[in-house]
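Working through the structure, step by step
The chain contents come next:
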Amino acid sequence: MCRIVVTVGMMFLTACATRPSPDVLRPVHLDGGTSQPITILAATNREKDVARGGFGSTWAAGMTFEQYMFSVPGNRRDTAITYPTSKPNPDRQFVVTRRKQLSNDGFVQEAIRSAQFDGAVGIFVHGYNYSYQEALFRTAQIAADAKIPGSPILFSWPSAAAVAGYIADRDAALSSRSELDSLVKSLSDSKKIKRIILFGHSMGGFLVMEAVRQLKLQHRDDVIDKLAVILGAPDIDVDVFRSQLKDIGKMATPITLLVSKDDRALTASSLIAGERARVGRVDIDDPFIQEAIVKEGLRVIDITSVRGSDGLGHDRYASLAKFGAQLATFESRSGSNASDVGAFVFDAAGAVVASPFRLLGHVTASR
């Protein structure tokens, strides 16, 4: 009982930090500084907060598409995000320098417009207890650290952005699968887009799997064949995940899971769900788990050795982005195909890593 109280208590303490208001979305003109320019595309089914210029937790009838340009501090040591104050300092703070609303067609065009566009686009789907602005700034941090070419995409579903909103967030994520499905299909319809890297964190991983499952039930294998699905700390019941995999079947690019044995946020999630196991905490040292991973055609990477910043070990995925420019992708390295599956370990002391938007590294197989 004490373990339950401590774990859930830590989730509440973590959420007590001051959270950014929609004011941080207002573009600021900057002079000077040693910042890094980043462009982010954002699609959301949240209702507009007209009064404050942001988006709330209410479900909207349609989608809104936007483009943001960021100034990101160039000399950061970790994944912490410092939000702008009334007098922004680009050497220390993440700052929005431009914001523009787009049409659906304009959104797709912007996704492929970059001179660095290489045929691949990355979509980040955030997890539980995220506001729109928090998800947007996190996407900017990942993009900056991973040095991702082109314009990464955020899909922001209507999270309540409240610790007590876990059940409400679960419903909101499930109700957003058609919007994510629609976004993926819009991008896939472009002949210039050859690869869609779909990364879901925590409860966002549940949403990603539901959207892919829906595409499969629609017989859209043409879209699914373009997907590379990566789930970071997936907050998915193990039996639900097994059912999703049964409907989806094996994909051309194996689904990749980033897991941690000591993720305390997923421990709390498991307790809330009646102590049912979560996929993000699977133990890859268990021979039964290793056998199941190969049978299901998955890539599972244990990232327990990575240091997170939230005190719960739930945001480790954000720390992996900084290794992005150093290593080749699984997809490009010799011999990588649908049979390149199994359980792997990330060694924080070596050059072994999996990045959210690009699965990276010469991982050490534990099988």
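Residues numbered from 1 in each chain as written. Predicted model: local features only at pLDDT ≥ 70, side-chain atom pairs only at ≥ 80, totals over all residues. Heavy atoms only, no water.

Along the protein, the regular secondary structure elements total 11 helices and 11 strands. A sequence separation of at least 24 residues applies to 78% of the contacts in the protein between residues at least 6 apart. As displayed, the protein has an accessible area near 15600 Å², and 52% of this comes from carbon and sulfur atoms. (Helix = DSSP H or I, 4+ residues; strand = E, 2+ residues; numbered from the N terminus. Contact = heavy atoms within 4.5 Å. Areas by Shrake-Rupley, 256 points an atom, 1.4 Å probe, with all protein chains shown as cover.)

Under the criterion given, the structure shown has eight aromatic pairs. In textbook terms, an aromatic cluster arises when at least three aromatic residues are bridged by ring pairs, as seen for Phe55, Tyr68, Phe70, Tyr83, Tyr132 and Phe137. A cation over an aromatic ring shows up here: Arg170 above the ring of Phe206, its NZ or CZ 4.0 Å from the ring centre. (Phe/Tyr/Trp six-rings, centres within 6.5 Å; stacked < 30°, edge-to-face > 60°. Lys NZ or Arg CZ within 6 Å of the ring centre and 35° of its normal.)

Next up on the list: the pattern of salt bridges. Inspection of the entire model under this criterion finds 18 salt bridges. The salt bridge partner of Arg220 is Asp222, with a shortest N-O separation of 2.9 Å. For Arg220, a relative accessible area of 23% corresponds to the partly exposed category. Relative accessible area serves as the criterion here: at 43%, Asp222 is assigned to the partly exposed category. (Salt bridge = Lys/Arg side-chain N within 4 Å of Asp/Glu carboxyl O. Buried < 20%, exposed > 50% of the residue type's maximum accessible area, 1.4 Å probe, protein only.)

Below, the discussion takes up the nonpolar core. Ranked by internal contacts, the top residues of the largest apolar core, which has 56 residues, are Ile123, Leu180, Leu183 and Leu187. Examining the composition of this core, we find that eight residues originate from one element, helix H6 (residues 203-217), more than from any other. Not counting the four nearest positions on each side in its chain, Leu180 is found in contact with Val125, Phe155, Leu198, Leu207, Val208 and Ala211. (Core = buried A, V, L, I, M, F, W, Y, C linked by side-chain atoms within 4.5 Å.)

Let us now look at helix H3 (residues 132-146). An ideal rise of 1.5 Å per residue puts 21 Å on 15 residues; H3 measures up with 21 Å between its terminal C-alpha atoms. Across the 15 residues that make up H3, a large majority, 15, are buried. Two residues or fewer after H3 comes Lys147, characterised by a positive phi angle close to 50°. (Expected span 1.5 Å × (residues − 1).)

So, about the environment of Val108. As for its placement among the helices and strands, Val108 is situated in helix H2 (residues 104-113). Judged by its relative accessible area of 8%, Val108 falls in the buried class. A C-alpha to C-alpha distance of 7.2 Å links Val108 and Ser186, two positions 78 residues apart in sequence. In this view, Val108 contacts Ser186, Leu187 and Ser190; residues no more than four positions away in its chain are not counted.

This part covers the side chain of Thr79. Its place among the elements puts Thr79 in the loop between strand E2 (54-73) and strand E3 (95-102). The exposure class assigned to Thr79 is buried, which follows from its relative accessible area of 6%. Excluding anything up to four places from it in sequence, Thr79 contacts Arg138, Gln141, Asp145, Ser309, Ala318 and Ser319.

Excluding glycine, most residues fall at negative phi; most peptide bonds, likewise, are trans. With phi around 65°, Asn129 is a residue other than glycine that occupies positive phi space. Mapping Asn129 onto the fold places it in the loop between strand E4 (120-125) and H3.

We now examine H6. Over its 15 residues, H6 extends 21 Å from the first C-alpha to the last, a length consistent with the 21 Å expected when each residue adds 1.5 Å. Along H6, 12 of the 15 residues are buried, which leaves the element largely enclosed by surrounding structure. The set of residues buried in H6 consists of Met203, Gly204, Gly205, Phe206, Leu207, Val208, Met209, Glu210, Ala211, Val212, Gln214 and Leu215. One or two steps after H6, the chain reaches His219, where phi turns positive at roughly 60°.

To continue, consider the pairing of E2. Judged from the 13 bridges that link them, strand E1 (residues 35-49) and E2 form a sheet pairing that is antiparallel. When the bridges of E2 are listed, Lys48 appears paired with Phe55. In textbook terms, the turn of a hairpin is the stretch between consecutive antiparallel strands, and for E1 and E2 this stretch comprises four residues, one of which, Gly53, has a positive phi near 80°. With seven bridges joining them, E2 and E3 adopt antiparallel strand pairing. Counterpart to Gln67 in the pairing with E3 is Lys100. (Pairing = 2+ DSSP bridges.)

Glancing now at the packing of H6 against helix H8 (residues 238-248). Contact pair H6 / H8: the axes reach a minimum separation of 9 Å and the direction vectors enclose 30°. On the basis of the axis angle, H6 is roughly parallel to H8. The element H6 and its partner H8 pack so that their crossing is left-handed. Counting all contacts with H6, which are made through Phe206, Met209, Glu210, Val212, Arg213 and Lys216, the residues of H8 involved are Val240, Phe241, Gln244, Leu245, Asp247 and Ile248. A per-class count over the contact of H6 with H8 returns seven nonpolar, one polar and four charged. (Axes fitted to C-alpha atoms, helices over the stretch in contact; angles between N-to-C directions. Parallel < 35°, antiparallel > 145°, perpendicular 65-115°, else oblique. Left-handed = near helix turned anticlockwise from the far one by under 90°. Nonpolar A, V, L, I, M, F, W, Y, C, P; charged D, E, K, R; others polar.)

Mapped onto the fold, Arg220 is located in the loop between H6 and helix H7 (221-224). Taking C-alpha positions, Arg220 is 8.9 Å from Lys185, a pair spaced 35 residues apart along the chain. Excluding its chain neighbours within four sequence positions, the residues that come into contact with Arg220 are Lys185, Asp189 and Leu215.

Examined against the element boundaries, Asp235 turns out to sit in the loop between strand E7 (227-232) and H8. Here Ser269 takes part through its side chain, which lies 2.7 Å from a polar atom of the side chain of Asp235. Residue contacts for Asp235: discarding those within four places in its chain leaves Tyr166, Arg170, Ser202, Met203, Phe206, Leu266, Ser269 and Arg278. (Polar contact = N/O pair within 3.5 Å; in protein donor to acceptor, adjacent residues only side chain to side chain.)

In short, the description is geometric, and any link to function would need to be established separately.
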